[in-house]
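# Results of the structural survey
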Amino acid sequence: ACRDALRRKDWSHTSIGNPDGWPQALRNTFALMLDSQFPMFVAWGPERTFLYNAAYVYLLEGKHPAALGEPAPKVWPELWSQVKPLMDAAFAGKATYGEDVMRIIRRNGHAAPATFTLAYSPIRDDAGAISGAFCVISETTARTRLEQRQAFQLQLSDALRTLTDPGEIMATAAQLLGNHLGASRILSGDYDIEQQLVTY
């Protein structure tokens, strides 16, 4: 998918130009990325030109192939306030890592909460200067949802174990369920990514 899009893309309208003229560091990183089964992307240069592999396409929800070679802020305007600090850190020479980081992404035409493990690294150009950011992604949504369900079931079981009155059982169950669903809605809203990142 990405190789075909790469060939069809009119690179003359991008800030990095034709792939034949890319710096060797970018060419090497992009080649490594294309052969990987992990979702990955590169943001290169002052405009944060966005390049990604086939494994990443499912996250774009209809933005592929138009997103290839476009500035990252244009590709992800809805996430840019969260993504920009991580890219800026990589361009400043700092690698970052975050586990189960919350993102709201579009799936089947609807916004949906999802969690990801993310690792951002700086990329140095042929002269040794940092000119790009490289990100490897692993989605953890299925695991985190399972863990949340299991934690709720355990909490519910503990709370109801000693109750015998049907009305009290119903009221307690309803309150815990309301709290659980309320917490899920809070989790799918604003998210402070700095709480889940480690700089090294």
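Our subject in this report is the structure included herewith. Fair warning: this is a prediction, and the values are worked out from it, not measured in the lab.

## Concerning the side chain of T14
Turning to its location among the elements, T14 is positioned in the loop between α1 (2-8) and α2 (24-34). Among the polar contacts listed, one links the side chain of T14 to the backbone nitrogen of G17, at a separation of 3.2 Å. With sequence-adjacent residues up to four places away left out, T14 is seen in contact with K9 and G69.

## Notes on the pattern of salt bridges
What the rule picks out here adds up to nine salt bridges. Its salt-bridge partner being E70, residue K74 comes within 3.1 Å of it at the nearest N-O pair. When its relative accessible area of 60% is taken as the criterion, K74 is described as exposed. R107 serves as the salt-bridge partner of E139, at 2.6 Å between the closest nitrogen and oxygen. On the criterion of sequence distance, the pair formed by E139 in strand β5 (residues 130-139) and R107 in strand β3 (residues 96-107) is long-range, its members being 32 residues apart. For E139, a relative accessible area of 27% gives the class partly exposed. Salt bridges linked by common partners bring K9, E70 and K74 together as one network.

Thresholds, definitions, all that
- Within every chain, residues take consecutive numbers counted from 1 along the sequence as written.
- Reporting in this predicted model follows two pLDDT cut-offs: at least 70 for local features of residues, and 80 or more for side-chain atom pairs to be given and counted; totals over whole chains, interfaces and linings ignore these cut-offs and use all residues.
- Side-chain numbers here rest on the full set of heavy atoms in the structure, without hydrogens or water.
- A run of H or I in DSSP counts as a helix once it spans at least four residues, and a run of E counts as a strand once it spans at least two, with each numbered from the N terminus.
- As used in this structure description, the phrase polar contact means that two N or O atoms lie within 3.5 Å; if the pair is within protein, one of them must be able to donate a hydrogen and the other to accept it, and residues adjacent in sequence are counted only when both atoms belong to side chains.
- Throughout, a contact is declared for two residues whenever any of their heavy atoms are within 4.5 Å.
- We count a salt bridge whenever a side-chain nitrogen from Lys or Arg sits within 4 Å of a carboxyl oxygen from Asp or Glu.
- Only protein chains enter the accessibility calculation, which uses a 1.4 Å probe; a residue is then buried when its area is under 20% of its type maximum, exposed when over 50%, and partly exposed in between.

Fair warning: the whole summary comes from geometry, so function is off the table for now.
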